[in-house]
Amino acid sequence: MTILCIRFQLPPTGEAAVLPGLLGLLEDFTPVVEALPPDGALADLRCAERHFGRGAVELASVIRTRALAHHGVDCAIGAGPGPTLARVALRDARPGETCAVPQEPDAVAEFLCGKPVDALPGVGAATARTLGEHGLDTLGRVAAAPLSTLQRLVGARAGRELREKASGIDRGRVVPNAVSRSLATERPLARDESDPERHRRALLSAAEELGARLRALDKVCRTLTLTVRRTDSAPTVHSHTLTAPTARSAALTGAAYALYDALDLRPARVRALALRAEGLGPAEQAPYRPAFDPLAEQGSVGPRRRDARAVGQLRRQAYGRGDPGDGGAVGLVLDGQGRAGVDDQSVA
């Protein structure tokens with residue numbers, strides 16, 4: 001029993017300020033901590049068990065006590081021999097409890113046998129529906145099914161991995177990541193709000209702040225996560241991997257809107273919206289780093305596509321109402337940027 005999967009019961013607002021401190025608390029026990037935003041973490045306690053002379057379940061009790069004492073946050077904890085099994089155990093744990101997977105191989109198979117297939121991390125609704133249509137609605141039935149059947153239903157690699165996990169074979173590992181590898185901001189609404197336009201305004205403000213913070217740190221992000229805190233249900237979390245790492249506010253806003261639209265929250269009353277930029281890396285990873293170009297930086301004009309009106313606006317910003325013409329300084333600057341789709345025509 002070496003891996004803990006922890007879900008913190010964060011307050012309705014202010015998760016960006018609380019979660020880093022909680023991850024730091026885990027690092028007092030082990031340096032192998034993987035953040036699972038917005039409210040979870042994995043911790044590998046193999047070395048900690050030897051160092052402290054206690055098992056993972058005992059250390060889980062100490063972690064819960066410290067989280068309550070120092071941060072006022074309770075947590076639910078799943079413990080298992082691997083990260084996948086620890087996540088499965090977490091589903092059965094309530095706040096203030098630790099649910100542990102039995103260590104004996106036969107007991108592990110019995111623990112998993114009656115659980116639904118979507119209890120495994122990575123098994124979504126579509127995969128669960130496909131398996132259920134063929135009578136494979138529990139992990140025990142999946143483990144007993146022929147490998148060829150699973151591979152025919154979900155693919156060669158996915159079928160092999162699914163059968164191993166359903167049988168209790170956990171080849172996963174905890175990948176340490178620093179607290180600084182994510183940035184988050186939250187927009188609590190003045191009241192429980194169901195108006196989509198107010199939701200989008202909050203997302204616009206949050207995306208603008210994230211973009212500014214990323215650019216100030218000279219960072220770009222690969223993944224954007226939206227957390228919606230509703231009045232009548234648990235928080236809804238949805239993530240999207242960007243097509244390219246970016247720190248542009250316009251790109252982040254577009255991704256946030258796409259996440260929001262995918263959730264279809266029109267009848268829901270929302271209390272707060274939070275955005276988290278994850279997978280941070282140096283700005284050099286971005287495929288495009290704009291030079292001095294106010295229009296492209298604001299996202300109103302793409303870096304490789306400008307029309308005549310956009311070029312005129314750029315000239316007026318740089319030189320006022322006077323226009324040096326196509327052969328002037330602005331024309332030379334645009335030529336240096338490949339002229340980005342501007343035709344050889346005069347711009348009034």
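Preceding this paragraph is the structure being described.
Computed from a prediction, not measured in an experiment: that's the story for all the values here. (Residues numbered from 1 in each chain as written. Predicted model: local features only at pLDDT ≥ 70, side-chain atom pairs only at ≥ 80, totals over all residues. Heavy atoms only, no water.)

**Student:** Mind showing me how you'd approach the pairing of strand E2 (residues 33–36) here?
**Tutor:** Consecutive side chains of a regular strand alternate in pointing toward one face of the sheet and then the other. Here four bridges tie E2 to strand E3 (residues 40–44), and the two strands are oriented antiparallel to one another. Paired with Leu36 across the two strands is Gly40, which belongs to E3. If you look at the hairpin formed by E2 and E3, you'll find three residues sitting between the two strands. (Pairing = 2+ DSSP bridges. Helix = DSSP H or I, 4+ residues; strand = E, 2+ residues; numbered from the N terminus.)

**Student:** Honestly, the environment of Ala35 in this entry has me stumped. Any pointers?
**Tutor:** In this structure, Ala35 sits in strand E2. In the structure, Ala35 is positioned twelve residues away from Leu23 in sequence and 7.2 Å away in space, judged by C-alpha atoms. Setting aside residues no more than four positions away along its own chain, Ala35 makes contact with Leu23, Gly40, Ala41 and Asn177. (Contact = heavy atoms within 4.5 Å.)

**Student:** In this structure, what is going on with the packing of helix H8 (residues 147–154) against helix H9 (residues 156–166)? I would like to understand it.
**Tutor:** Relative orientation and spacing of two packed helices are given, respectively, by the angle between their axes and the distance between those axes. Two elements in contact, H8 and H9, have axes whose closest approach is 7 Å; the angle formed by their N-to-C orientations is 130 degrees. Classified by the angle between their axes, H8 and H9 sit oblique to one another. Once H8 is placed against H9, the crossing between them reads as right-handed. Contacts from Leu147, Leu150, Gln151 and Val154 in H8 reach Ala156, Ala158, Gly159, Arg160 and Arg163 in H9. (Axes fitted to C-alpha atoms, helices over the stretch in contact; angles between N-to-C directions. Parallel < 35°, antiparallel > 145°, perpendicular 65-115°, else oblique. Left-handed = near helix turned anticlockwise from the far one by under 90°.)

**Student:** I would appreciate a short explanation of the side chain of Glu34 in the present structure.
**Tutor:** Inspection of the secondary structure puts Glu34 in strand E2. Here Glu34 is buried and forms no salt bridge, its nearest opposite-charge partner Arg87 lying at an N-O distance of 4.7 Å. A distance of 3.0 Å separates a polar atom in the side chain of Glu34 from the backbone nitrogen of Val175. The residues contacting Glu34, other than those within four sequence positions of it, are Ala41, Leu42, Arg173, Val174, Val175 and Asn177. (Buried < 20%, exposed > 50% of the residue type's maximum accessible area, 1.4 Å probe, protein only. Lys, Arg positive; Asp, Glu negative; His and termini not counted. Salt bridge = Lys/Arg side-chain N within 4 Å of Asp/Glu carboxyl O. Polar contact = N/O pair within 3.5 Å; in protein donor to acceptor, adjacent residues only side chain to side chain.)

**Student:** Which parts of the structure should I look at to understand helix H3 (residues 56–71)?
**Tutor:** In an α-helix there are 3.6 residues to a turn, and that puts residues three or four apart on one side. With 16 residues, H3 should reach 22 Å at 1.5 Å per residue; the first-to-last C-alpha distance of 21 Å fits that figure. Looking only at H3, the buried set comprises Ala56, Leu59, Ala60, Ile63, Arg64 and Ala67. Down the axis of H3, the smallest arc covering the buried residues is 145 degrees, so these residues share one side. Counted as exposed and oriented over 90 degrees from the buried face of H3: Thr65 and Ala69. (Expected span 1.5 Å × (residues − 1). Arc of directions from axis to C-beta.)

**Student:** I keep staring at the pattern of salt bridges and nothing clicks. Help me out?
**Tutor:** Scanning all chains against the criterion turns up twelve salt bridges. Salt-bridge contacts for Glu161 lead to Arg157; the nearest nitrogen and oxygen are separated by 3.2 Å. One end of the pair, Glu161, and the other, Arg157, are both in helix H9, four residues apart, so they sit about a helical turn from each other. Take Arg157: its relative accessible area is 59%, and that puts it in the exposed class. Linked by salt bridges that have partners in common, Arg187, Glu209 and Arg213 make up one network.

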